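Next come the chains, spelled out residue by residue.
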Amino acid sequence: MLKKIIVSNHRMYRQMSDFVTQYNENHIPTTAFQKLLLSVGSATVSLFDPQRADMIATMGETTGTHALKYMRDKMINNPEGSEILQLQPRINTSTVDLDKLRCMPENTLGYAYFKFLNHNKVTPDSRGSVQFIDDVELAYVMQRYREVHDLFHTVLGMPTNMLGEVTVKWIEAFQTKLPMTLSGGLFGAIRLKPKQREQYVQHYLPWAIQTGLNSNFMLNIYFEKRWEQPMEELHKELNIKPLEIINLK
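Residues numbered from 1 in each chain as written. Predicted model: local features only at pLDDT ≥ 70, side-chain atom pairs only at ≥ 80, totals over all residues. Heavy atoms only, no water.

- Identification of the protein chain as Ubiquinone biosynthesis protein COQ4 homolog, mitochondrial from Aphis gossypii is taken from an unreviewed UniProt entry.
- Annotation of the protein chain in UniProt includes, under Subunit (unreviewed entry), the sentence "Component of a multi-subunit COQ enzyme complex."
- Comment text from UniProt for the protein chain, heading Pathway (unreviewed entry), reads "Cofactor biosynthesis; ubiquinone biosynthesis." (UniProt positions renumbered as here; feature names shortened; annotations may be inferred.)

1. Focus: the overall build of the protein chain
In step 1: Helix and strand counts for the protein chain come out as 14 helices and zero strands.
In step 2: The helix and strand sequence of the protein chain, counted from the amino end, reads α-α-α-α-α-α-α-α-α-α-α-α-α-α.
In step 3: Taken over 249 residues, the protein chain has a buried fraction of 49%.
In step 4: Just so you have it, the protein chain exposes about 12,900 Å², and 56% of that area is on carbon and sulfur atoms. (Helix = DSSP H or I, 4+ residues; strand = E, 2+ residues; numbered from the N terminus. Buried < 20%, exposed > 50% of the residue type's maximum accessible area, 1.4 Å probe, protein only. Areas by Shrake-Rupley, 256 points an atom, 1.4 Å probe, with all protein chains shown as cover.)

2. Observations regarding the packing of aromatic side chains
In step 1: Counted according to the given criterion, the structure contains four aromatic pairs.
In step 2: Centroid distance phenylalanine 19 to tyrosine 23: 6.1 Å. Interplanar angle 35°. Geometry classified as tilted. Linking phenylalanine 19 with tyrosine 23, this pair stays in helix α2 (residues 18-26), spanning four residues, or about one helical turn.
In step 3: Note on phenylalanine 19: relative accessible area 1%, which makes it buried.
In step 4: You can call tyrosine 23 buried: its relative accessible area is 6%. (Phe/Tyr/Trp six-rings, centres within 6.5 Å; stacked < 30°, edge-to-face > 60°.)

3. As for the packing of helix α10 (residues 149-156) against helix α11 (residues 162-176)
In step 1: It is the contact of α10 with α11, at a shortest axis distance of 11 Å, that shows an interaxial angle of 100°. Considered as vectors, α10 and α11 are oriented roughly perpendicular to each other. Facing His149, Phe152, His153 and Leu156 of α10, the residues of α11 in contact are Gly164, Glu165, Val168, Lys169, Ile171 and Glu172.
In step 2: Across the contact of α10 with α11, the residue classes tally to four nonpolar, three polar and three charged. (Axes fitted to C-alpha atoms, helices over the stretch in contact; angles between N-to-C directions. Parallel < 35°, antiparallel > 145°, perpendicular 65-115°, else oblique. Contact = heavy atoms within 4.5 Å. Nonpolar A, V, L, I, M, F, W, Y, C, P; charged D, E, K, R; others polar.)

4. Focus on the side chain of serine 39
In step 1: The residue serine 39 is located in helix α3 (residues 32-48) in this model.
In step 2: With near-sequence residues (within four places) excluded, serine 39 lies in contact with Thr62 and Thr63.

5. Concerning helix α14 (residues 231-238)
In step 1: When we look at burial in α14, the residues that qualify are Met231, Leu234, His235 and Leu238. The buried side chains of α14 occupy one side of the element, clustering within an arc of 100° when seen end-on. Every exposed residue of α14 that faces more than 90 degrees away from the buried side is listed here: Glu232 and Lys236.
In step 2: Looking at the buried side of α14, the elements it contacts are α8 (109-120) and α10. (Arc of directions from axis to C-beta.)

6. Things to note about α8
In step 1: Taking 1.5 Å as the rise per residue, α8 with twelve residues should run 16 Å; its terminal C-alpha atoms sit 16 Å apart, in good agreement.
In step 2: Inspection of α8 places Leu109, Gly110, Tyr111, Ala112, Tyr113, Phe114, Phe116, Leu117 and Asn120 among the buried residues, and these make up the whole buried set.
In step 3: Considering only its buried residues, α8 is in contact with α7 (98-102), α10 and α14.
In step 4: Phi turns positive one or two residues past the end of α8, at lysine 121, with a value near 55°. (Expected span 1.5 Å × (residues − 1).)

7. Focus on the environment of proline 179
In step 1: Looking at where proline 179 falls in the secondary structure, it is placed in helix α12 (residues 179-188).
In step 2: Under the relative-accessibility criterion, proline 179 is labelled partly exposed at 37%.
In step 3: Linking proline 179 and alanine 67, residues 112 residues apart in sequence, is a C-alpha distance of 7.9 Å.
In step 4: Apart from residues lying up to four places away in sequence, proline 179 is in contact with Thr63, Gly64 and Ala67.

8. Considerations on the pattern of salt bridges
Proximity of charged atoms lets side chains of opposite charge pair with each other.
In step 1: For the structure on display, the rule yields 13 salt bridges.
In step 2: Residues arginine 146 and glutamate 61 are paired through a salt bridge, measuring 2.4 Å at the closest nitrogen-oxygen approach. Of this pair, arginine 146 sits in helix α9 (residues 136-147) while glutamate 61 is found in helix α4 (residues 53-63), placing the two residues 85 residues apart along the sequence.
In step 3: By relative accessible area, which is 9% here, arginine 146 ends up buried.
In step 4: Of the charged contacts in the structure, one is a salt bridge between aspartate 73 and arginine 72, with a shortest N-O distance of 3.6 Å.
In step 5: Judged by relative accessible area, arginine 72 falls into the buried class, the value being 17%.
In step 6: The structure contains a network of salt bridges with shared partners spanning Arg72, Asp73 and Glu137. (Salt bridge = Lys/Arg side-chain N within 4 Å of Asp/Glu carboxyl O.)

Below you can see the structure in the form of structure tokens.
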């Protein structure tokens with residue numbers, strides 16, 4: 001009964017969210033058969049061209065319904081995760097003051113996130129809108145997952161090269177159960193260079209498996225309210241022991 005009340009409250013709150021407006025503008029209704037075609041097609045293209053972010057996004061949306069329900073339930077049953085579902089915050093340059101993050105102490109999440117974005121030449125505006133998920137609440141869960149992906153990298157201390165992406169995908173696979181994260185971990189590893197593959201097998205993969213199995217659910221972190229939190233404290237809260245990055249050419 002309590003879960004039903006919480007879900008009802010989520011529906012009431014999301015009417016006030018700008019995400020719903022964006023969702024209504026971008027949503028493309030599809031049948032089960034159309035979703036199957038999209039999932040097969042996007043998976044095939046992604047396998048041969050992992051740089052096609054649009055195809056990876058489509059595969060995630062058309063194959064992730066059960067995982068998204070799992071993720072939503074994990075958030076509903078957590079006070080901070082439930083608040084995120086209610087308020088539906090967004091992470092982009094309109095909502096995040098990057099200049100403020102740049103001036104924060106170096107040991108904080110906010111500064112670490114700014115440093116990650118600046119060092120890797122990426123922007124929080126790069127995440128596409130959800131299109132093929134028919135349930136607006138599940139669509140938000142997917143959107144939230146996309147928008148905190150760079151924060152996952154930040155917290156985990158992983159770069160945006162292939163080795164870092166594959167490592168993060170393995171941890172996301174354990175945390176989210178999304179099929180496209182598992183396929184990203186499996187097939188992304190094939191594309192590693194010999195030296196990277198050696199480091200991956202010896203250090204990164206074992207660490208990713210241990211972290212994925214033992215860490216707390218990162219989507220329950222309201223990152224926007226944690227900018228001033230020391231990274232060491234956040235790591236302890238999430239039960240994450242950072243892996244020392246080995247610079248590879």
